[in-house]
Amino acid sequence: MAGRSAAAALTIHGYPPTAITTPWPNPCPMRAAVLREYGEPLEITERPDPEAATDGAVVAVEACGICRSDWHAWQGHGEWADDQVPLNYVLGHEPAGRVIEVGEDVERFAVGDRVVVPFSLGCGACGECRTGHGNTCTDGLALGFERDVPGAFADQVAVPSVDHNLQRIPDGVSFRDVAAVGCRYMTAFHALAHRADVGGGDWVAVHGCGGVGLSAVQIADALGTRPIAVDVNSEALARAESVGASATVDASKADPVEAIQELTDGGAAVSVDALGRAETARNSVRCLRQRGTHVQVGLTTDAEQGEISLPTDWMTRWEINWLGSRGMPPARFGELLSMVEDGSLAPGKLVGREVSLGEVSERLAAMTNYETEGVELLTF
Ligand SMILES: [Zn+2]
Ligand SMILES: [Zn+2]
């Protein structure tokens, strides 16, 4: 905030300073990037402003990550699990912004609050949510993937059950950093810190150094472990090295399982498949030491359609743990944001490009051939 006046800091693209508690009339109609046909360019169009539910809020989007999950949805993937996104829909599940309207039952948030919206939204009322596991709420909704919760490739996004779901952004953390946290950081953080419960000094292999993989490398380093980054792309490996990888393995040149077994003198303690292909999932399991823990973070492609065969006898023999991990419970967000605030984690370092709403399509298309640059953000 240094160098910006208080008014400038509080008035973000036409929305009001925090002192105003009633919704501000929107000076121009809301724009959104709408999915008309799978795999075709998104259409930038005007949409009615969203309204806050009684327990919900409307957030003016300041930044939103563009993610491989958006690419999957854009391509129409998901039919094998019956969860294809609807057409005429707005994608975008990694927003950070400012609250511009709250419902009458909302207690914890007010107009003007700077917030991040976790994509895995809980109902806020069930046992899972009340015990801090909102990401596994059976009534939960995935922002930007399900009909009831259109996403944030738009000027504004509506969020339900905000007292449970929204998380405040610490003062020292920018919208850009939080959007870069996106689902990749929260997913990687939950996978390593909560699910695998990594310990200091552990070798942690990370297969696939796209957004979530690079985040996992940086988080593994910040948590005191020794990350090994695996990818077939030398630029991705260089980026992994720059964010804390202790070692890298180019899987186009060496067998990653053998390379990791050798580097670690017997195998990694924890390994993450951040890509979701049969080959990376099997490599991730196979590179573990006895009693090691595999965490599946990547969702599969058309080739696997949600199922991968694994060396189960070998896993049984060596007591390998296999864990699924998805998103992060909203209740645990503070742990991650405090590490961003104190500088232990620098998600902004992963940002390779910032684009406008009209350029989102082009960046989704670039993902088809893995031609993106680190984390890419929509910013306003
Ligand atoms: Zn719930
Ligand atoms: Zn994402």
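From a predicted model like this one, the values you see are computed outputs, not experimental measurements. (Residues numbered from 1 in each chain as written. Chains lettered and ligands numbered in written order. Predicted model: local features only at pLDDT ≥ 70, side-chain atom pairs only at ≥ 80, totals over all residues. Heavy atoms only, no water.)

**Some remarks on the confidence of the model for the chain**
Item 1. With 91% of its residues at a pLDDT of at least 70, the chain reaches an overall mean of 90.
Item 2. This model gives residues 1–23 a pLDDT under 50, and the stretch forms 34 contacts once residues within four places in sequence are excluded. (pLDDT = per-residue confidence, 0-100. Contact = heavy atoms within 4.5 Å.)

**Considerations on the sheet that holds strand E11 (residues 203–207)**
Item 1. Sheet architecture is open: six strands sit in the order E13-E12-E11-E14-E15-E16, paired in parallel fashion. Edge positions in the sheet fall to strand E13 (247–250) and strand E16 (321–324), since each of these pairs with one other strand and no more. The sheet shows a mean angle of 20 degrees between the axes of neighbouring strands, taken without regard to direction. (Pairing = 2+ DSSP bridges. Helix = DSSP H or I, 4+ residues; strand = E, 2+ residues; numbered from the N terminus. Axes fitted to C-alpha atoms, helices over the stretch in contact; angles between N-to-C directions.)

**Comments concerning the coordination of the zinc ion (ligand 1)**
Put simply, a metal with four donors set out as a tetrahedron has ideal angles of 109.5 degrees, and one with six donors set out as an octahedron has ideal angles of 90 or 180 degrees.
Item 1. Distances from the zinc ion (ligand 1) to its protein donors, Cys123 (SG), Cys126 (SG), Cys129 (SG) and Cys137 (SG), fall within 2.3 to 2.4 Å.
Item 2. For the zinc ion (ligand 1), the four donor atoms are set out with angles of 104 to 115 degrees between them, so the coordination reads as tetrahedral.
Item 3. Sequence spacing of the donors to the zinc ion (ligand 1): C-x2-C-x2-C-x7-C. (Donors = N, O, S within 2.8 Å, 3.2 Å for Na, K, Ca; no water. Tetrahedral: all angles 85-135°; square planar, octahedral: opposite > 155°, others 65-115°.)

**Topic: the nonpolar core**
Item 1. Formed by 95 residues in total, the largest nonpolar core has its most connected members in Phe153, Leu166 and Leu192.
Item 2. Each residue touching Leu166, except ones within four places of it in the same chain, is listed here: Ala57, Val59, Val99, Arg108, Phe109, Val115, Val116, Val117 and Val159.
Item 3. Grouped together as the second largest cluster of nonpolar side chains are 14 residues, Trp203, Ala259, Ala268 and Val285 included. (Core = buried A, V, L, I, M, F, W, Y, C linked by side-chain atoms within 4.5 Å. Buried < 20%, exposed > 50% of the residue type's maximum accessible area, 1.4 Å probe, protein only.)

**Some thoughts on the side chain of Ser215**
Item 1. Here Ser215 is to be found in helix H6 (residues 211–222).
Item 2. For Ser215, the contacting residues outside a window of four places in its chain are Arg184, Tyr185, Ala188 and Leu350.

**Concerning the coordination of the zinc ion (ligand 2)**
Item 1. Summarising the metal site, the zinc ion (ligand 2) is bound by the protein donors Cys67 (SG), His93 (NE2), Glu94 (OE) and Cys183 (SG), whose distances to it range over 2.0 to 2.3 Å.
Item 2. One can describe the site at the zinc ion (ligand 2) as tetrahedral: its four donor atoms subtend angles covering 94 to 119 degrees at the metal.
Item 3. In the primary sequence, the donor residues of the zinc ion (ligand 2) line up as C-x25-H-E-x88-C. Linking His93 in the loop between strand E4 (89–90) and strand E5 (95–102) with Cys183 in helix H5 (residues 175–195), this pair joins segments that are 90 residues apart in sequence.
Item 4. Relative accessible area serves as the criterion here: at 1%, His93 is assigned to the buried category.
Item 5. A relative accessible area of 9% means that Cys183 is categorised as buried.

**Quick look at the pairing of strand E17 (residues 351–355)**
Item 1. Direction of pairing for E17 relative to strand E18 (residues 375–379): parallel, over a ladder of four bridges. Bridging across to E18, Val351 finds its partner in Val375.
Item 2. Considered for its hand, the β-α-β crossover made up of E17, helix H12 (residues 360–368) and E18 is right-handed. (Right-handed = clockwise from strand over helix to strand, strands pointing away.)

**Considering the pattern of salt bridges**
Item 1. As enumerated under the stated definition, the model contains eleven salt bridges in all.
Item 2. Salt-bridge contacts for Arg36 lead to Glu43; the nearest nitrogen and oxygen are separated by 2.7 Å.
Item 3. Residue Arg36 is classed as partly exposed on the basis of its relative accessible area of 30%.
Item 4. By relative accessible area, which is 36% here, Glu43 ends up partly exposed.
Item 5. Put simply, Arg353, Glu362, Arg363, Glu373 and Glu376 are held in one network by salt bridges that share partners. (Salt bridge = Lys/Arg side-chain N within 4 Å of Asp/Glu carboxyl O.)

**Concerning the sheet that holds strand E2 (residues 43–47)**
Item 1. The strand order across the open sheet formed by three strands is E2-E1-E4, and the pairing between neighbours is antiparallel. Bordering the open sheet on either side are E2 and E4, each of which pairs with just one other strand.
Item 2. Summarising the sheet, strand E1 (residues 30–35) and E2 pair through five bridges and their orientation is antiparallel. Residue pairing for E2: Ala32 is matched across the bridge by Thr45.

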